[in-house]
2 protein chains.
Amino acid sequence: MARILITSGPTRQYLDPVRYITNASSGRMGACLVAAAIERGHDVVVVSGPVDVRYDTRATVHRVTTTDEMLSVVRRQFAECDGLVGVAAPCDYRPLRVEDHKIAKTGQPLVLHLVETPDIVATMGSEKGDRWVVGFALETEDHRFRAITKLQKKSCDLIVLNEPQAMDSATNQVEVLDGLGNVVLACSGSKEDVAARLFELFESRLIH
Amino acid sequence: MARILITSGPTRQYLDPVRYITNASSGRMGACLVAAAIERGHDVVVVSGPVDVRYDTRATVHRVTTTDEMLSVVRRQFAECDGLVGVAAPCDYRPLRVEDHKIAKTGQPLVLHLVETPDIVATMGSEKGDRWVVGFALETEDHRFRAITKLQKKSCDLIVLNEPQAMDSATNQVEVLDGLGNVVLACSGSKEDVAARLFELFESRLIH
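Residues numbered from 1 in each chain as written. Chains lettered and ligands numbered in written order. Predicted model: local features only at pLDDT ≥ 70, side-chain atom pairs only at ≥ 80, totals over all residues. Heavy atoms only, no water.

(A) Spatial organisation of the environment of Thr65(A). Residue and element names in this part refer to chain A. Inspection of the secondary structure puts Thr65 in the loop between strand S5 (60-63) and helix H2 (67-78). Since its relative accessible area comes to 28%, Thr65 is described here as partly exposed. Put simply, Thr65 and Gly9 are 56 residues apart on the chain and 9.9 Å apart in space, counted from C-alpha to C-alpha. When neighbours within four sequence positions are excluded, Thr65 is seen to be in contact with Thr11, Arg12, Tyr14 and Pro50. (Helix = DSSP H or I, 4+ residues; strand = E, 2+ residues; numbered from the N terminus. Buried < 20%, exposed > 50% of the residue type's maximum accessible area, 1.4 Å probe, protein only. Contact = heavy atoms within 4.5 Å.)

(B) Highlighting helix H1 (residues 28-39) of chain A. Residue and element names in this part refer to chain A. Taking 1.5 Å per residue, twelve residues should reach 16 Å; H1 reaches 16 Å between its end C-alpha atoms and fits that length. The element H1 is largely enclosed, with a buried count of nine among its twelve residues. Within H1, the full set of buried residues consists of Met29, Gly30, Ala31, Cys32, Leu33, Val34, Ala36, Ala37 and Ile38. The inward-facing, buried residues of H1 abut strand S1 (3-8), strand S4 (43-48), strand S6 (83-86), strand S9 (132-138), strand S11 (171-178) and helix H5 (191-205). Among the residues trailing H1, Gly41 stands out with phi positive, at a value near 95 degrees. (Expected span 1.5 Å × (residues − 1).)

(C) Main features of the sheet that holds strand S3 (residues 19-23) of chain A. The antiparallel open sheet is built from four strands, whose spatial order is S2(A)-S3(A)-S3(B)-S2(B). A strand with exactly one partner marks an edge of an open sheet, and here the two such strands are strand S2 (13-14) of chain A together with strand S2 (13-14) of chain B. Pairing between S2(B) and strand S3 (residues 19-23) of chain B: two bridges, direction antiparallel. Counted as the bridge partner of Tyr14(B) is Tyr20(B) from S3(B). (Pairing = 2+ DSSP bridges.)

(D) Local environment of the packing of aromatic side chains. Residues and elements named next belong to chain A. For the structure shown, the criterion picks out six aromatic pairs over all chains. Centre to centre, the rings of Phe199 and Phe202 are 5.2 Å apart; their planes meet at 70 degrees, and the pair counts as edge-to-face. Of this pair, Phe199 and Phe202 both sit in helix H5, three residues apart, roughly one helical turn. For Phe199, a relative accessible area of 0% puts it in the buried group. We classify Phe202 as buried; its relative accessible area is 0%. In textbook terms, an aromatic cluster arises when at least three aromatic residues are bridged by ring pairs, as seen for Trp132, Phe199 and Phe202. Taking the ring centre of Phe78 as reference, the NZ or CZ of Arg131 above it sits at 3.9 Å. (Phe/Tyr/Trp six-rings, centres within 6.5 Å; stacked < 30°, edge-to-face > 60°. Lys NZ or Arg CZ within 6 Å of the ring centre and 35° of its normal.)

In structure tokens form, the structure reads like this:
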């Protein structure tokens, strides 16, 4: 049995009190991974962005809005966990300046300066010590090459590769790559089934 | 009895296949207005952005993603309606350029050029003829002044003023202004109650 931290859902980066940048992550794959881990007897801590999905009530759930908030809660929680599954889709750009009031339309174009937010999985990967980290990569081109590059840059033990079609969908199609670039699992189906297959793999390779 | 078009929910404007600009509109106020209109015997057509909320099954619902899509469906549907209640929160800026592939992080800032999307209520207001149009204004400062300015610019018959706190909330607090700047209704409570009060007002002032 392990104590596992699962990040889930999108984050939001506000431009002003109303508008924000985000993505269509529904938290559904996260919720299925939470359920699969609990079914297999693990303790689960969830750090989730704003989603409507319900997490298994046996998990401890922390709610956050922005990527910086997610990083801060993840760092605190990871200190007491054996491993991290980073299935969240944190918004990776934020406006350099957030307006106090709603930006009023003027008829003119608006130039928005964005900067990168901290990379949560990479930060935890660099601090992991003898814990394990599984990342997710959502790619629209050069899929395996980008995924393996991310695995290395983020010090992940495994990386799960999927495509944007998975977002807000009931099904998923994934490949899991290890540090040598081997495809150690390829499967598709309902997110419930894929989550169960992934946890079998994590147990056999990562959880002692 | 009238045939009423209600827009509801947010729209999304994508930067690339994954990231988009949006707002926290949940479609809940829209769903309550749909239910109130149907309860009072009206025919209701809904044009809704991506939301999880459920609309009364007696309404005809059209789903859209972007503001341009919403405008195009609204224009087509409004041709057969007596009035429009524009409670949607369409994303009013879109990236000038949408990338085909997910923008890869480079460690560098990203400059995003945004342009305004068409204003759906203003467009329908300018084309309304003898039909009526109710707009909504979500303001964070100079509330009444901005609302009445919007009413005039968008050729609305009435405008409903609310605040960002209403977004994704179960309650709402509104003021309704007419073309002379009079506050013709002020009420707060559950979105169901507020929707019923609003429809009473619309019937007394707009629906013959």
